[in-house]
Amino acid sequence: MAGPDPLRRAACGAALAALFAAPAAAAAPGPGLVSQEAAGGVHAARLETPAGSIYVYLPDDLAAGDSISGTVSYAPSGKTDVEREQNLGELRGYVVEVAGEPPAEGPTWVRVLRQLPGPTIVRFLGPRGAPIGEASIPTLSAAERPPQPPSFEVPVFGQAGNPVAIGGPVSGAPDATRVTIGGRDAPFLAQSPRKTLVRAPTDVVGPTEIRIERDGAVAEAPFRVLAVQLSADKLDLRRGERTTLHLEVGGLAGLDEPVPLSLTNRSPEVVRLGTAEVERLTIRPQDVAADGTYRLDRPILSLRSGAFAVNAEAGPARRTSLPVLTRPREEKPPA
């Protein structure tokens, strides 16, 4: 997958970024460094190289003995299409090992995590096979493994471009399940026996529906896609300078229940955001403007020059049970 990774919008220099599941905080790690973070039901490990970044996505509920699926994503650096294409070829020369085995051909793989003590290791190897770095993913023992949910459940809303966790009894290959949101395919990210994780499309905003198809059976539920954006009046701040952070959440038309929202300063050593490093808010239906958006401003004070980042995350969302997957009725031809 070429181009910037959709789960992370990088903060470069003193630039501001809206991050959801960013493996790094303010600045990107140096070449050869591995960072990791769990958010939205996904555990992401990231390797930074001179040619760009490699991301590995796994479910965040790993347990020994599980059959899991994950994805590898590439974000090549470069100022032109030619440079990015060249760097993409270099990134694909790296090897990613999960639990001691490289992924199968293609962007996804299935692995059975052996019943061994300790975490699951994601290891990055260079094009010549030399180890570069690794991430240690927390893994439950077989005795601690949660049971499979008896039915499917989905959140009532999600953020555009971010993970959506669909709980339920999962088995088989990732391509056995197809998820669409607003009629658009929701790309697969990761899967455990207890949930499937997909990425909400970026070209659908507002109230719509989520549809799950598996082995010819279908289930649907109402779903809302929120578009969360951050901006600032000035991005290049010197020590002591001030600016204003602007938050805008779209897709709220017809909202009939509160939406939790958190605003997090990922770089407290670089800037001071408002009066708290983490601010938890609630968007009420009466707070939504006529155009279906919610807006909020917060002051920023620069403590020193350097890269900084701010997260804006909607949720956690209330979850709703889906009806049992049913096969669509076949229409009989007219007599």
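Residues numbered from 1 in each chain as written. Predicted model: local features only at pLDDT ≥ 70, side-chain atom pairs only at ≥ 80, totals over all residues. Heavy atoms only, no water.

1. Here we look at the pattern of salt bridges
Put simply, the test is: Whenever Lys or Arg places a side-chain nitrogen within 4 Å of a carboxyl oxygen from Asp or Glu, that contact is recorded as a salt bridge. When a residue's accessible area, from a 1.4 Å probe over protein chains only, is under 20% of the maximum for its type it is buried; when over 50% it is exposed; and in between it is partly exposed.
In the structure shown here, the tally under the stated rule is 21 salt bridges. Glu220 is the partner of Arg211 in a salt bridge, and the nearest nitrogen-oxygen pair spans 2.5 Å. The exposure class assigned to Arg211 is partly exposed, which follows from its relative accessible area of 24%. Exposure remark for Glu220: the relative accessible area of 35% places this residue in the partly exposed category. Bridged by salt links that share partners, the residues Arg178, Asp185, Arg211, Glu213 and Glu220 form one connected network.

2. Structural notes on the packing of aromatic side chains
Inclusion rule: Each aromatic pair joins two rings of Phe, Tyr and Trp (for Trp, the six-membered one) with centres within 6.5 Å, and gets the label stacked for planes under 30 degrees apart, edge-to-face for over 60, and tilted for any other angle.
Counted by the stated rule, this structure contains one aromatic pair. Between the aromatic rings of Tyr55 and Tyr57, the centroid separation amounts to 6.2 Å while the plane-to-plane angle is 15°, which identifies the pairing as stacked. Across this residue pair, the class does not change: Tyr55 and Tyr57 are buried.

3. So, the side chain of Ser267
Our working rule: To qualify as a helix, a DSSP run of H or I must reach at least 4 residues; to qualify as a strand, a run of E must reach at least 2; elements of each kind are numbered from the N terminus. Two N or O atoms count as a polar contact when they lie within 3.5 Å, although within protein this holds only if one can serve as hydrogen donor and the other as acceptor, and sequence-adjacent residues are included solely when both atoms are side-chain atoms.
Locating Ser267 in the fold gives a position in the loop between strand E20 (259–265) and strand E21 (271–273). On the basis of relative accessibility, which here comes to 0%, the residue Ser267 falls in the buried class. Engagement of the side chain of Ser267 in a polar contact is seen with the backbone nitrogen of Ala309, the distance being 3.0 Å.

4. What about helix H1 (residues 81–91)?
Note the following rule: Picture the helix axis, draw a direction to every C-beta atom, and the arc is the one those directions span. The contact criterion used is simple: two residues touch if any of their non-hydrogen atoms lie within 4.5 Å.
Buried within H1 are the following residues: Asn87, Leu88 and Leu91. For H1, the angular spread of the buried residues around the axis is 110°, confining them to a single face. When the buried face of H1 is taken as reference, the exposed residues oriented beyond 90 degrees from it are Val82, Glu85 and Gln86. Where the residues of H1 are buried, they touch strand E3 (42–49), strand E4 (52–59) and strand E5 (67–76).

5. Examining the sheet that holds strand E9 (residues 131–137)
Rules: Note on pairing: two strands pair once DSSP finds at least 2 bridges between them. With axes taken as lines fitted to C-alpha atoms, and helix axes fitted only over the stretch in contact, angles between N-to-C directions fall between 0 and 180 degrees.
One open sheet accounts for three strands, arranged E6-E8-E9; its pairing is antiparallel. Whereas interior strands pair on both sides, the edge strands pair on one side only; in this sheet they are strand E6 (95–98) and E9. Within this sheet the neighbouring strands show an average axis-to-axis angle of 15°, counted without direction.

6. So, unusual backbone geometry
Of the consecutive residues Gly315 and Pro316, the connecting peptide bond is found in the cis state with omega at 5°. If you check the backbone angles, Ala99 has positive phi at about 55° while not being a glycine. Relative to the elements of secondary structure, Ala99 occurs in the loop between E6 and strand E7 (108–112).

7. Some thoughts on the side chain of Arg224
What counts, and what does not: In this count, Lys and Arg are taken as positive residues and Asp and Glu as negative ones, while His and the chain termini are left out.
Within the secondary structure, Arg224 is located in strand E18 (residues 217–232). Buried within the structure, Arg224 lacks any salt-bridge partner; its nearest side chain of opposite charge belongs to Asp256, at an N-O separation of 5.3 Å. Separated by 2.9 Å, the side chain of Arg224 and the backbone oxygen of Ala253 make a polar contact. There is a polar contact of 3.5 Å between the side chain of Arg224 and the backbone oxygen of Gly254.

8. Side note on the nonpolar core
How we decide: Put simply, buried Ala, Val, Leu, Ile, Met, Phe, Trp, Tyr and Cys residues joined by side-chain atoms within 4.5 Å make one nonpolar core.
With 27 residues, the main nonpolar core has Leu247, Val249, Leu252, Val259, Leu261, Ile283 and Tyr294 as its most contacted residues. At the level of secondary structure, the elements contributing two or more residues to this core comprise E18, strand E19 (242–250), E20, E21, strand E22 (278–283), strand E23 (294–302) and strand E24 (310–314). Setting aside anything within four residues of it in sequence, one finds Leu247 in contact with Val228, Gln229, Leu230, Leu261, Tyr294, Arg295, Leu296 and Ala312. In terms of nonpolar packing, the next biggest core, distinct from the first, is built from 21 residues, Ala51, Val56, Leu113 and Ala135 among them.

9. Thoughts on the pairing of E5
Within E5, nine of the ten residues are buried, which leaves it mostly tucked inside the rest of the structure. In the sheet, E4 pairs with E5 via six bridges, with the strands oriented antiparallel. Across the sheet, residue Val56 finds its bridge partner in E5, namely Val72.

10. Let's talk about the environment of Arg319
Note on placement: Arg319 falls in strand E25 (residues 319–321). With 153 residues separating them in the primary sequence, Arg319 and Ile166 have C-alpha atoms 9.4 Å apart. Once residues lying within four places of it in the same chain are set aside, the contact partners of Arg319 are Glu153, Val154, Pro155, Ala165, Ile166 and Gly167. One polar contact links Arg319 to Glu153, side chain to side chain, over a distance of 3.0 Å. A polar contact of 2.7 Å, which involves the side chain of Arg319, links it to the backbone oxygen of Ala165.

11. So, the environment of Asp215
Following the sequence through the fold, Asp215 ends up in the loop between strand E17 (206–214) and E18. For Asp215, a relative accessible area of 52% translates into the label exposed. As a C-alpha pair, Asp215 and Ala176 span 39 residues in sequence and 6.4 Å in three-dimensional space.

12. Structural notes on the pairing of E20
Of all seven residues making up E20, six are buried, and the element is well covered by its neighbours. By the bridge criterion, six bridges tie E20 to E22 in an arrangement that is antiparallel. By the bridge assignment, Val259 is partnered in E22 with Ile283.

Everything listed here is a matter of geometry and, on its own, says nothing about what the molecule does.
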